[in-house]
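Spelled out, the chains give:
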Amino acid sequence: MAGPIDLAFDPWDPEFLADPYPAYAGLRARGRVVRYEPTDQWLVPHHADVSALLRDRRLGRTYQHRFTHEEFGRTAPSPAHEPFHTLNDHGILDLEPPDHTRIRRLVSKAFTPRTVERLKPYVHGLANELVGKLVEAGGGDLLTDVAEPLPVAVIAEMLGIPEADRGPLRPWSAAICGMYELNPSEDTAARAVRASVEFSDYLRELIAERRKEPGEDLISGLIAAHDEGDRLTEQEMISTAVLLLNAGHEATVNATVNGWYALFRNPGQLAALRADHSLVPSAIEELMRYDTPLQLFERWVLDDIEIDGTTIPRGAEIAMLFGSANHDPAVFRDPGRLDLTREDNPHISFSAGIHYCIGAPLARIELAASMTALLERAPTLTPAADPRRKPNFVIRGLEGLPVELR
Ligand code: HEM
């Protein structure tokens, strides 16, 4: 184990948030596992360890399938937060086998590679339309004009959320996602609880409508999906729909703006991409590595594990630093350099193991669609002002990305 934490690692410090990657190098140099008191967690900064731990069944996203809060040495969440936890705890991201296996299998049935592939023309058409409007206006905000509306519309369309109902999706998602930051405040929790109640009520009604009148959408698919007599309960359906709607756009929005901001800061790489659009697929992977949209994921230690001679006991919490793993020189040559032609790129941005991102193929289609539309239709796109970074650490993004066409 390493000594006291490197002060450069401070997830609440705007300077750290502006560029966390040098502090990660400091952490990796300190050791394979570093105790971090402010969050009562064990930080894991190396790629090999993150990759192995994501597949390690002695860890879990929850412990409630095996232990009570008391048995695990933790306190039950406040009853005032119950609506958030009920919603969160029944979605596959926060379940472990056997529930995770059962529900993920059912969700996968409604969320097949063919369904996703069939969406391609719609996603490209929408990307062209949004970029077309941006070009007509001579510029705007890449976040609100393209990065946000594209994945929100796609996932809402997949789930069959009527267009008139889509307004609150972003604010509900943002309020709920506040709980995934480190040490969320009471205000953040109150906002998440309110959003959880409203979002759940909305979906309960929509599910009732689809039960009466099924459509081609994924919610109807979830209602119909059954596997060896197994069905989703109503709460599992609500939680899965919320998870798909939130996970289905949050990271894609940030990957888009983080990616373009990185391109603007690396004009040589942007010029190479503009000269050769066949680089789009490798550019997307490299941008997801270079400025990782989701920086940290947590796991509970269900059975004692040992990392580099340090025993991490049952009941402890591990924080895997994806941004650090993606900049580990043991795996990536010259990791601080943006190289859109990088071939060997085993970045960890979509996770690994049983929780591997179910939406990765869809995210890649969306990112390719907006990037291609912007390269083809807005070849002179430049930043119009310095963007402001969101004050979040786990979900890394920008408040906006003002752009203009020169
Ligand atoms: C750039 C975009 C995206 C990134 C970086 C991303 C990243 C991730 C990561 C890291 C996880 C696993 C977290 C963990 O291991 O604890 C995950 C899970 C998940 N993602 Fe994504 N995601 C993206 C887009 C999407 C999209 C478009 C969908 C749409 C359906 C989606 C749906 C999900 C779901 C349902 C899970 C839970 C899977 C499970 O627990 O079995 N994601 N994502």
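Structure report, in brief. Computed from a predicted model, the values in this text were never measured in an experiment. (Residues numbered from 1 in each chain as written. Predicted model: local features only at pLDDT ≥ 70, side-chain atom pairs only at ≥ 80, totals over all residues. Heavy atoms only, no water.)

**Some details on the site of the ligand**
In the vicinity of the ligand there are 29 residues, among which Arg61, Arg104, Ser351, His355 and Cys357 approach most closely. Within the side chain of Ser351, one N or O atom sits 2.6 Å away from an oxygen atom of the ligand. Between the ligand and His355 there is a distance of 2.6 Å, counted from an oxygen atom to a side-chain nitrogen or oxygen. Of all the secondary structure elements, the ones that give two or more residues to the shell around the ligand are helix 5 (99–110), helix 13 (234–247), helix 14 (250–265) and strand 5 (296–301). (Near = heavy atom within 4 Å. Polar contact = N/O pair within 3.5 Å; in protein donor to acceptor, adjacent residues only side chain to side chain. Helix = DSSP H or I, 4+ residues; strand = E, 2+ residues; numbered from the N terminus.)

**Comments concerning the coordination of the iron atom of the ligand**
Coordination of the iron atom of the ligand by the protein comes from a single atom, Cys357 (SG), at 2.3 Å. Residue placement: Cys357 occurs in the loop between helix 17 (322–325) and helix 18 (360–377). (Donors = N, O, S within 2.8 Å, 3.2 Å for Na, K, Ca; no water.)

**Let's talk about the packing of aromatic side chains**
This model, assessed by the stated rule, comprises 17 aromatic pairs. Centroid distance Phe9 to Phe16: 5.3 Å. Interplanar angle 75 degrees. Geometry classified as edge-to-face. In this structure, Phe9 and Phe16 share a single accessibility class: buried. Geometrically, the ring pair formed by Phe297 and Phe322 is tilted, given 4.9 Å between the ring centres and 45 degrees between the ring planes. Of this pair, Phe297 sits in strand 5 while Phe322 is found in helix 17, placing the two residues 25 residues apart along the sequence. A residue is classified by how much of its surface remains accessible, and Phe322, at 0% relative accessible area, is buried. (Phe/Tyr/Trp six-rings, centres within 6.5 Å; stacked < 30°, edge-to-face > 60°. Buried < 20%, exposed > 50% of the residue type's maximum accessible area, 1.4 Å probe, protein only.)

**Considerations on the sheet that holds strand 2 (residues 41–44)**
Read across the sheet, five strands follow the order 1-2-8-5-3 without closing on themselves; strand pairing throughout is mixed. The outermost strands of the open sheet, each flanked by one partner alone, are strand 1 (34–36) and strand 3 (59–60). Packing against the sheet, helix 3 (residues 47–54) makes contact with strand 2, strand 3, strand 5 and strand 8 (317–321), and its axis sits at approximately 125 degrees to strand 8. (Pairing = 2+ DSSP bridges. Contact = heavy atoms within 4.5 Å. Axes fitted to C-alpha atoms, helices over the stretch in contact; angles between N-to-C directions.)

**Looking at the sheet that holds strand 4 (residues 139–141)**
Judged by pairing direction, the sheet is antiparallel, and its three strands sit side by side in the order 4-10-9 without closing on themselves. Only two strands of the sheet have a single partner each, and these edge strands are strand 4 and strand 9 (381–383). The average angle at which neighbouring strand axes cross in this sheet is 25 degrees, direction not considered. Bridging between strand 4 and strand 10 (residues 402–405) involves three bridges; their strand directions are antiparallel. Following the sheet pairing, Gly140 is matched in strand 10 by Val403.

**Considerations on the environment of Ile284**
Note on placement: Ile284 falls in helix 16 (residues 280–290). On the basis of relative accessibility, which here comes to 7%, the residue Ile284 falls in the buried class. Measuring from C-alpha to C-alpha, the distance between Ile284 and Ala255 comes to 8.8 Å, with 29 residues separating the pair along the chain. Setting aside chain neighbours within four positions, we find Ile284 in contact with Arg364, Leu367, Ala368 and Met371.

**Here we look at unusual backbone geometry**
Put simply, Pro97 and Pro98 share a cis peptide bond, and its omega is 5 degrees. Here Pro98 shows up in the loop between helix 4 (82–89) and helix 5. For Asp40, which is not glycine, the phi torsion reads 55 degrees and is therefore positive. The phi angle at Asp334 is positive, at roughly 50 degrees, despite the residue not being glycine. Along the chain, Asp334 falls in the loop between helix 17 and helix 18.

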